[in-house]
Number of protein chains: 2
Amino acid sequence: MKDDRSTSPLGTRVQLRVQLADDLRARLQEGEWPVGAQLPTEGELASRYGVSRSTVRGALQQLEIHGLTVTRHGVGTFVTPFGRGIKAGLQELQSITDTVAAHGMEPGMQYRSVEFREASQDELDAFAVEGPSRVLAVERAVLADGVVVAFSYDTIPAWRLPTGLDPAAVKGSLFHLLESAGIVSKTAVADIHAARGAHIGWGERPPDQVYLLLEQTHYDASAQPVLRSRTYFIEGRFQFSILRTR
Amino acid sequence: MKDDRSTSPLGTRVQLRVQLADDLRARLQEGEWPVGAQLPTEGELASRYGVSRSTVRGALQQLEIHGLTVTRHGVGTFVTPFGRGIKAGLQELQSITDTVAAHGMEPGMQYRSVEFREASQDELDAFAVEGPSRVLAVERAVLADGVVVAFSYDTIPAWRLPTGLDPAAVKGSLFHLLESAGIVSKTAVADIHAARGAHIGWGERPPDQVYLLLEQTHYDASAQPVLRSRTYFIEGRFQFSILRTR
DNA sequence: GAGTGGTCTAGACCACCCT
DNA sequence: GGGTGGTCTAGACCACTCA
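Please read all numbers here as calculations on a predicted model, not as lab measurements. (Residues numbered from 1 in each chain as written. Chains lettered and ligands numbered in written order. Predicted model: local features only at pLDDT ≥ 70, side-chain atom pairs only at ≥ 80, totals over all residues. Heavy atoms only, no water.)

### Quick notes on the protein's contact with DNA strand D
Our working rule: Being near a molecule or strand, for a residue, comes down to having at least one heavy atom within 4 Å of it. Definition of a polar contact: a pair of N or O atoms within 3.5 Å, with one able to donate and the other able to accept a hydrogen when the atoms are protein atoms, and with sequence-neighbouring residues admitted only if both atoms are side-chain atoms. Each residue is assigned to one of three groups, with Ala, Val, Leu, Ile, Met, Phe, Trp, Tyr, Cys and Pro labelled nonpolar, Asp, Glu, Lys and Arg labelled charged, and all others, Gly among them, labelled polar.
Taken together, the neighbourhood of DNA strand D is formed by 24 residues, with R57 of chain A together with Q15, L16, S54 and T55 of chain B sitting nearest. Sugar and phosphate atoms represent 74% of those atoms of DNA strand D found within 4 Å of the protein. Within the backbone of E42 of chain A, one N or O atom sits 3.0 Å away from a phosphate oxygen of DNA strand D. Interatomic distance of 3.1 Å between a side-chain N/O atom of R17 of chain B and a phosphate oxygen of DNA strand D. Each residue belonging to the surface near DNA strand D can be placed in one class, and the counts come to 4 nonpolar, 11 polar and 9 charged.

### Points about the pattern of salt bridges
All names here are of chain A. For the record, the criterion: The salt bridge definition used is simple: a Lys or Arg side-chain nitrogen within 4 Å of an Asp or Glu carboxyl oxygen. Helix numbering and strand numbering both begin at the N terminus, where a helix is a DSSP run of H or I of at least 4 residues and a strand a DSSP run of E of at least 2. The buried label goes to any residue with under 20% of its type's maximum accessible area, the exposed label to any with over 50%, and the partly exposed label to all in between, with areas taken from a 1.4 Å probe on protein chains only.
Considering all chains together, one arrives at 30 salt bridges over all chains under this definition. Salt-bridge contacts for R134 lead to E118; the nearest nitrogen and oxygen are separated by 3.1 Å. Of this pair, R134 sits in strand 5 (residues 134-144) while E118 is found in strand 4 (residues 107-118), placing the two residues 16 residues apart along the sequence. Of the residues examined, R134 reaches a relative accessible area of 40% and is grouped as partly exposed. Assessed through its relative accessible area of 41%, E118 is described here as partly exposed. Measuring nitrogen to oxygen at the nearest pair gives 3.3 Å for the salt bridge that ties R160 to D220.

### As for the domain arrangement of chain A
Going by this rule: What marks off one domain from the next here is an automatic or database domain assignment.
Partitioning chain A into structural domains gives domain 1 (13-79) and domain 2 (88-241). Between the C-alpha centres of domain 1 of chain A and domain 2 of chain A the distance comes to 36 Å.

### A word on the packing of aromatic side chains
Residue and element names in this part refer to chain A. Here is the rule we go by: Any pair of Phe, Tyr and Trp rings, taking the six-membered ring for Trp, is counted once the centres come within 6.5 Å. Such a pair is stacked with planes under 30 degrees apart, edge-to-face with planes over 60 apart, and tilted for the rest. Geometrically, a charge over a ring is one whose NZ (Lys) or CZ (Arg) sits within 6 Å of the ring centre while staying within 35 degrees of the ring normal.
A full pass over the atoms with the stated rule returns 20 aromatic pairs over all chains. Ring centres of F151 and Y211 lie 6.3 Å apart, and the angle between their planes is 65°; this geometry places the pair in the edge-to-face category. Taken together, the residues span a long stretch of sequence, with F151 in strand 6 (residues 147-157) and Y211 in strand 8 (residues 210-219) at a distance of 60 residues. You'll find F151 and Y211 in the same group, each marked buried. Centroid distance F238 to F240: 6.1 Å. Interplanar angle 65°. Geometry classified as edge-to-face. Here the aromatic cluster, defined as three or more aromatic residues joined through ring pairs, consists of F151, Y153, W202, Y211 and Y232. For the cation-ring pair, R230 lies above Y153, with the distance from its terminal atom to the ring centre recorded as 5.1 Å.

### Description of the nonpolar core
Rules: Only buried Ala, Val, Leu, Ile, Met, Phe, Trp, Tyr and Cys residues count toward a nonpolar core, and they belong to the same one when joined by side-chain atoms within 4.5 Å. We call two residues in contact when some of their heavy atoms are within 4.5 Å.
With 36 residues, the main nonpolar core has L90, I192, L212 and F240 of chain A together with L90, I192 and L212 of chain B as its most contacted residues. Beyond its immediate chain neighbours, meaning those up to four positions away, L212 of chain B contacts I192, H193, A194 and L212 of chain A together with I192, H193, T231, Y232, F233 and F240 of chain B.

### Here we look at the layout of surface pockets
Basically, it comes down to this: Both site types are read off a 1 Å grid over the protein atoms alone. A 1.4 Å probe that fits but cannot get out defines a cavity, while an open set with protein on both sides within 12 Å along at least five of seven lines defines a pocket; lining residues have an atom within 4 Å of a point. Grid points are joined across faces, edges and corners, and a volume is the space filled by probe spheres set on the points.
In this structure, the second largest pocket encloses a volume near 620 Å³. Of all the elements in the fold, those that place two or more residues in the lining of the second largest pocket are helix 5 (121-126), strand 7 (187-196), strand 8 and strand 9 (225-234) of chain A together with strand 1 (69-72) and strand 2 (76-79) of chain B. In terms of residue count, strand 8 of chain A provides more of the lining of the second largest pocket than any other element does, 4 residues in total.

### Points about the environment of V75 of chain A
All names here are of chain A. Mapped onto the elements of the fold, V75 is located in the loop between strand 1 (69-72) and strand 2 (76-79). Note on V75: relative accessible area 43%, which makes it partly exposed. C-alpha separation for the pair V75 and Q38, spaced 37 residues apart in sequence, amounts to 9.2 Å.

### Considerations on the sheet that holds strand 9 (residues 225-234) of chain B
In plain terms, the rule: Strands pair, by our definition, only if DSSP identifies at least two bridges between them.
Taken in spatial order, the 8 strands line up as 3(A)-10(A)-7(B)-8(B)-9(B)-6(B)-5(B)-4(B) in an open sheet, and their pairing is mixed. Here the strands that pair on one side only, and so sit at the sheet edges, are strand 3 (88-89) of chain A together with strand 4 (107-118) of chain B. Across 6 bridges, strand 6 (residues 147-157) of chain B lies against strand 9 of chain B in antiparallel orientation. If you follow Y153 of chain B over to strand 9 of chain B, its bridge partner there is R230 of chain B.

### A word on the pairing of strand 6 of chain A
Side-chain positions along a regular strand alternate between the two faces of the sheet. Residues and elements named next belong to chain A. Strand 6 sits mainly inside the fold: 9 of its 11 residues count as buried. Here strand 5 runs beside strand 6; their pairing, made up of 10 bridges, is antiparallel. Its bridge partner being in strand 6, A137 is matched across the sheet by T155.

### Quick word on the sheet that holds strand 3 (residues 88-89) of chain B
Read from one edge to the other, the open sheet built from 8 strands follows the order 4(A)-5(A)-6(A)-9(A)-8(A)-7(A)-10(B)-3(B), with strand pairing classed as mixed. At either margin of the open sheet sits one strand with a lone partner, and together these are strand 4 of chain A together with strand 3 of chain B. By the bridge criterion, 9 bridges tie strand 8 of chain A to strand 9 of chain A in an arrangement that is antiparallel. Counterpart to Q216 of chain A in the pairing with strand 9 of chain A is S229 of chain A.

### Section: helix 2 (residues 42-49) of chain A
All names here are of chain A. Condition: The reported arc concerns the directions from the helix axis to the C-beta atoms and nothing else.
Along helix 2, the residues that are buried comprise E42, L45, A46 and Y49. Seen end-on, helix 2 carries its buried residues on one side only, within an arc spanning 100°. Buried residues along helix 2 sit in contact with helix 1 (16-29) and helix 3 (53-65).

### Here's the deal with the interface of chain A and chain B
For clarity, the threshold we go by: Here's the idea: put two parts together, see how much 1.4 Å probe accessible area each one loses, and the total over both is what we call buried area.
Contacts between chain A and chain B engage 47 residues on the former and 47 residues on the latter. With both chains or domains summed, chain A and chain B bury close to 4200 Å², and 52% of this area falls on carbon and sulfur atoms. Taken as a group, I242, R244 and R246 of chain A account for 20% of the area that chain A buries against chain B, more than any other trio of residues on that side. One salt bridge in this structure joins R246 of chain A and E179 of chain B, with 3.6 Å as the shortest N-O distance. The interface formed by chain A and chain B includes 30 residue pairs in polar contact (both at pLDDT 80 or more). Broken down by secondary-structure element, the contributors of at least two residues to the side of chain A that touches chain B are strand 1, helix 6 (174-180), strand 7, strand 8 and strand 10 (240-245) of chain A.

Written as structure tokens, this is what we have:
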């Protein structure tokens, strides 16, 4: 495997451990090792795939992080019973669109308003700027198979966007808008709340609807804040899971 | 540093990279590197501490996972603005007691009932058993500085507990009860919900109180389910954060 | 081009589990 | 004791960023 390292469609090299992890993942899902079964030992995988043991360990670590396997010191690596069934792992940052798709539904968006306005004090703090500044404020409803599943209030610092951007032209994923401006959201800090109240959302909705609120600040690779979002998910429409470890 | 590897109070060896990470963390918190500053390069840290570069990378990875730093390919490692301020990282599995303590409050428990009973179908599924089985069911209120902050409904498979266990003797952390039975909860899958309703909790509480529900199944090192818990946190009392990455 | 992090290897030795 | 994973090293080479 040393010299035929695969390349992705774009030509970027794919890490050996990722290739190995993908291969093992595929074989797991094909049922080659049922729940509770032991995978080959690290040494065996290393020689079988022609890679070093540390590469094998890197691959197995990925599987373990995603909850597919557990590795027990001095014993071996085993298939967990809970690997499948985690639909939206919250620790993985993905767009709302992707979250909807991960649940097997068709994502959609309904824009309510897109406008530039002065940043609130709250936003100035989040974006770590002083003095008055403008932000692009977006209000949208998120659809899954045509049904509203969330209301989202997002703001982007205006000074990071291309000058002369037409708010009316904004549509689709905000991630894509940011990326077209050369901004990639790499990490986000999310605070989770339960929320309720008439101030949430618009249109037809039960007066006592309960929401799961994800209050997020996104950062680029340089840890600069690029997006602040408050998304109110209608309770029960999605499964939000987290794999917690010690 | 090669031969004076420290030992913890119990005599267990402390990994080099953990020592390094702890040292760097302490220096970060003392303000040696302010937000945005660049840490020494990997090579420099390696020679300064007398360890290999991969050990340094292991330490830096820990810092990055906890959101204290970001490492940028070809540039360096920098202090993030969001490292502090994450009080209860949900991806880290800890007892409720520890969660309360992490918020700087005094934890407490009020037991409402502890009893053995037949497992519900739901529980049979979670514990992956067939046919009727008994569980230990515990209902508690969680206190912080003497105030109720959560209601918790927990069940433990009876066949994993010492025979002849007296329910009346159960108190304090369930984690400790499990550990005294030789069971260590190592990972948990948590589903997050927003909840509301009169069926939640007991005693004095507003009729329309909103709760953040953490529905968890805990597993031991062998991925065997050992504890199922539904904890209703009163909204607003705690900050639950998640660091999300791509 | 100089400097930084990213990946991978080969090998040594340690710690844990089981019989 | 034999087998398995856990940690660490030294070094090679690649990929990215920035002046």
